[in-house]
Amino acid sequence: MSAQEPDATAQTAPPELFVLRDQEGPILYAPLGNLIARANEPAVAAALAYAHDPSTLDFMSEDERAVVETLGERGFFKHRAYPRHVVGFRPVQVTLFPTNNCNLRCSYCYAFGGEGGGNGEPLTRMDLEVAQRAIDLIARNARQRMDDGDPVRNFLVSIHGNGEPFCAYDLIREIVWYGQDVAEELGVPAVFNAATNGVLSEEQLDFVIANFHSVNISFDGLPEFQDANRPIAGGRGSFRRVDHTMRRLCEAGMDFGIRTTVTAAMVDRMPEIVAFVAENYPGIEQLHFEPVWECGRCVTSDNVMPRSDVFTQRYLESLEVARERGVRLVFSGARQDMVVDTFCKVSSGSFTVTPTGDVTACYEVSYRSDPRSERFFFGRFDHELGDFVFDQAKLDALSELNVHNIRYCDDCFCRWHCAGDCAAKVLDGIALEEHHGSVRCDISRALTLNQIQRKLDWRPTDG
Ligand code: SF4
Ligand code: SF4
Ligand code: SF4
């Protein structure tokens, strides 16, 4: 279907009934029940009145009563429980940042990769012992939770970084081998995934293909953008290397996704990026478009965020190309199929360990010198103790970062999908009560509305 202008100021009615509008008229939307219906204006008025006060039924015309009855039969007025994230820190996943060193110098890097976070912090790598104790912890939890009957099937080790993790390749090998040994010992399968810039040697690629379950590659979609925005330290372009990596992953039949950071200079070519990726890397699991966020090294470069309306329009055009070519396209804020109260695991015990052994809930806050670490750091590896120590008060405070507590989102129909967006971006230096959204809200709402419209338009023959 063609892109339609959303009315982002959607009306709301208690308990959880929203009215959205597009060029074809009103849409009634009950997010907690995933219920969607086109309605005319009188039907909308009757539905809102009844949802607000069921006693109004007594004063309705026959037609209005019929509308309320039909919607009621479909569950539109049913009371449904709000989603709640799990409280209690018993992780079965860890994200390890082996190093903050990096072989690239991306112009918009949020972490000043290879340059110590931009605050003169040293380039460092994680001690193997830190990684081993983190794996012990999650593997033990997984074993206990499986024995307790929790629906846990494995433990998950994600390799990520505030640098390029494979710059510490020898450490990664030790981590994987250790994880595999622990898995065997405890009888709990281990799953490994990695996020990388894709500038890998043949040996590293062989290792990834043999040992990792999935990989995410940061790639800017077209050779000229990749070479300009994501150069190798020293200045040469990186496209040739990353292209080679992705072709090898395709040949190996490996699950991998591509994350493309979109700047204002790139935005008009998003559909072309989808076509390029589909043609050259068939079988990729998903292509993730995210507008650049102006932080880190980006602030010192000439990269700027694309206008939200332009990003939205190009994304919708890209969706058409993606559908034709069989590519799954995602943007983090538009996920109508999810009903959640938190945007990410930052509120529910995300266990991420930095190269210095600090424990952070947020991937983008990984240095003690970052003022946001006060909020997101909740533990550290204690070398004397030989184990992790956690700050329960910090975990409790992080648990409060959820959409139940964000008044700004109360009237937003994306409330249980976007769930208040990325805390690192929207709460930079402010308290939760001061959350006032961001330019990303326009994109999230427009693309979520599009997902709703697509469901309305879906016919069995659509496949
Ligand atoms: S590869 Fe990642 S860590 Fe390295 S400079 Fe680029 S964005 Fe930063
Ligand atoms: S708060 Fe934002 S940056 Fe931090 S982990 Fe969540 S999504 Fe990522
Ligand atoms: S952050 Fe914005 S788009 Fe997301 S739920 Fe809140 S108001 Fe809606």
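Described in the following lines is the structure provided in the data block.

Thresholds, definitions, all that
Sequence order as written defines the numbering, with residues in each chain counted from 1. Following the order in which they are written, the chains are lettered starting with A and the ligands numbered starting with 1. Thresholds applied to this predicted model are a pLDDT of at least 70 for local features of residues and 80 or more for the giving and counting of side-chain atom pairs; totals over whole chains, interfaces and linings are not thresholded and use all residues. The side-chain figures draw on all heavy atoms in the structure; neither hydrogens nor water molecules are used. A run of H or I in DSSP becomes a helix once it reaches four residues, and a run of E becomes a strand once it reaches two; helices and strands are each numbered from the N terminus. Radius of gyration means the value over C-alpha atoms here, while the globule rule gives 2.2 Å times the residue count to the 0.38 power. The cut-offs for exposure are 20% and 50% of the maximum accessible area for each residue type, with area from a 1.4 Å probe on protein chains only; residues under the lower value are buried, those over the upper are exposed, and the others partly exposed. Residue exposure ignores everything except the shown protein chains as possible cover, and the areas themselves are Shrake-Rupley values with a 1.4 Å probe. Positive residues here are Lys and Arg, negative ones are Asp and Glu, while His and the chain termini are left out of the count. For this purpose, a charge sits on NZ of Lys, CZ of Arg, CG of Asp or CD of Glu. One less than the residue count of a helix, multiplied by 1.5 Å, gives the span that helix is expected to have. By arc we mean the arc of the directions from the helix axis to the C-beta atoms, nothing more. Definition of nearness: a residue and a molecule or strand are near each other if at least one heavy atom of the residue lies within 4 Å of the molecule or strand. Side-chain classes are defined by residue name, with Ala, Val, Leu, Ile, Met, Phe, Trp, Tyr, Cys and Pro counting as nonpolar, Asp, Glu, Lys and Arg as charged, and the others, Gly among them, as polar. Among buried residues, the Ala, Val, Leu, Ile, Met, Phe, Trp, Tyr and Cys ones that are joined through side-chain atoms within 4.5 Å form a nonpolar core. Contacts between residues were defined by any pair of non-hydrogen atoms, one from each residue, lying within 4.5 Å. To pair, rings of Phe, Tyr and Trp, with the six-membered ring standing in for Trp, must have centres within 6.5 Å; the planes then decide the type, stacked if under 30 degrees apart, edge-to-face if over 60, and tilted in the middle. Strands were regarded as paired on the criterion that DSSP finds at least two bridges between them. Here, the term right-handed applies to a crossover whose path from the first strand over the helix to the second runs clockwise when the strands point away from the viewer. Note on geometry: axes are lines fitted to C-alpha atoms, helical ones only across the stretch in contact, with angles between N-to-C directions running from 0 to 180 degrees. Oblique is the label for every angle not falling under 35 degrees (roughly parallel), over 145 degrees (roughly antiparallel), or within 65 to 115 degrees (roughly perpendicular). Crossing handedness: left-handed means the near helix sits turned counterclockwise from the far one by under a right angle, and right-handed means the same turn made clockwise. One side-chain nitrogen of Lys or Arg within 4 Å of one carboxyl oxygen of Asp or Glu is enough to make a salt bridge.

Observations regarding the overall build of the protein chain
Part 1: Scanning the protein chain for helices and strands turns up 13 helices and 15 strands.
Part 2: The C-alpha radius of gyration of the protein chain comes to 24 Å, within 12% of the 23 Å expected for a compact globule of 463 residues.
Part 3: When its C-alpha atoms are laid out on the principal axes, the protein chain stretches across 75 × 50 × 40 Å.
Part 4: Split into buried and exposed, the 463 residues of the protein chain put 55% on the buried side.
Part 5: Entry remark: accessible area of the protein chain is about 20,500 Å², with carbon and sulfur atoms responsible for 49%.
Part 6: Distance between charge centres in the protein chain, computed from 45 positive and 68 negative side chains, equals 2 Å.

Some points on helix 4 (residues 169–186)
Part 1: A rise of 1.5 Å per residue sets the reference length of helix 4, with its 18 residues, at 26 Å; its end C-alpha atoms lie 26 Å apart and thus fit the reference within 8%.
Part 2: Taken as a whole, helix 4 has its buried residues at Tyr169, Leu171, Ile172, Ile175, Val176, Gly179, Val182 and Ala183. The buried side chains of helix 4 occupy one side of the element, clustering within an arc of 150 degrees when seen end-on. Opposite its buried face, helix 4 presents the exposed residues Glu184 and Glu185, each directed more than 90 degrees away.

Quick word on the site of ligand 2
Part 1: In the vicinity of ligand 2, the residues found are Phe343, Cys344, Cys362, Tyr363, Glu364, Cys422, Ala423 and Ala424.
Part 2: Classifying every residue of the shell around ligand 2 gives 7 nonpolar, no polar and 1 charged.

Observations concerning the nonpolar core
Part 1: Grouped together as the largest cluster of nonpolar side chains are 112 residues, with contacts concentrated most on Leu96, Phe155, Val157, Phe212, Phe219, Tyr281 and Phe289.
Part 2: Looking at this core element by element, the count peaks at 8 residues for helix 3 (residues 128–147).
Part 3: With residues up to four places along the chain from it excluded, the contact list for phenylalanine 155 reads Val92, Ile135, Ile138, Ala139, Ala142, Gly179, Val182, Ala183, Val188, Pro189, Ala190 and Val191.
Part 4: Listed in part, the 18 residues of the second largest apolar core include Ala47, Ala51, Met60 and Phe77.

Considerations on the packing of aromatic side chains
Part 1: Per the counting criterion, the structure on display carries 24 aromatic pairs.
Part 2: Here phenylalanine 89 and phenylalanine 351 contribute two aromatic rings whose centre-to-centre distance is 5.9 Å and whose plane-to-plane angle is 85 degrees, an arrangement assigned as edge-to-face. A residue pair is termed long-range when its members are at least 10 positions apart, and phenylalanine 89 in the loop between helix 2 (62–73) and strand 5 (93–96) and phenylalanine 351 in the loop between strand 11 (329–330) and strand 12 (352–353) qualify at 262 residues.
Part 3: For phenylalanine 89, a relative accessible area of 22% corresponds to the partly exposed category.
Part 4: Looking at phenylalanine 351, the relative accessible area reads 2%, which means it is buried.
Part 5: Residues phenylalanine 351 and phenylalanine 388 carry aromatic rings whose centres are separated by 5.4 Å and whose planes lie at 85 degrees to one another, so their mutual orientation is edge-to-face.

Here's the deal with the pairing of strand 7 (residues 190–196)
Part 1: A large share of strand 7 lies buried, amounting to 6 of its 7 residues.
Part 2: Alignment of strand 6 (residues 155–159) against strand 7, held across 5 bridges, turns out to be parallel. Across the sheet, the residue bridging to valine 157 is phenylalanine 192, located in strand 7.
Part 3: Read from strand 6 through helix 4 to strand 7, the crossover connection turns out right-handed.
Part 4: Looking at chain direction, strand 7 and strand 8 (residues 214–218) are connected through 4 bridges and run parallel. Bridging from a neighbouring strand, asparagine 193 pairs with serine 214 of strand 8.
Part 5: Between strand 7 and its parallel partner strand 8, the chain crosses via helix 5 (residues 202–211), and the hand of that crossover is right-handed.

Here's the deal with the packing of helix 1 (residues 41–52) against helix 2
Part 1: Running from amino to carboxyl end, helix 1 crosses helix 2 at an angle of 65 degrees, the nearest separation of the two axes being 9 Å. On the basis of the axis angle, helix 1 is roughly perpendicular to helix 2. Helix 2 is crossed by helix 1, and the crossing has right-handed handedness. Taking contact as the criterion, the partners of Ala43, Ala46, Ala47 and Tyr50 in helix 1 are, on helix 2, Glu64, Val67, Val68 and Leu71.
Part 2: For the contact of helix 1 with helix 2, a count of residues per class yields 7 nonpolar, no polar and 1 charged.

So, the pattern of salt bridges
Part 1: For the structure on display, the rule yields 28 salt bridges.
Part 2: When the shortest N-O distance is used, the salt bridge between arginine 38 and glutamate 24 registers 3.4 Å. Taken together, the residues arginine 38 in strand 4 (residues 35–38) and glutamate 24 in the loop between strand 2 (17–22) and strand 3 (25–30) connect sequence positions 14 residues apart.
Part 3: Residue arginine 440 is joined to glutamate 290 by a salt bridge in which the shortest nitrogen-to-oxygen separation is 2.8 Å. Of this pair, arginine 440 sits in helix 13 (residues 440–457) while glutamate 290 sits in strand 10 (residues 286–291), placing them 150 residues apart in sequence.
Part 4: Note on glutamate 290: relative accessible area 4%, which makes it buried.
Part 5: Residues participating in the shared-partner salt-bridge network are Glu16, Arg407, Asp410 and Arg415.

Digging into the environment of glycine 357
Part 1: Looking at the element boundaries, glycine 357 is found in the loop between strand 12 and strand 13 (358–360).
Part 2: Counting along the chain gives 237 residues from glycine 357 to glycine 120, while the straight-line C-alpha distance between them is 18 Å.
Part 3: Not counting chain neighbours up to four residues away, the residues in contact with glycine 357 comprise Val130, Arg380, Phe381 and Phe388.

No statement about biological role is implied by the geometric values presented.
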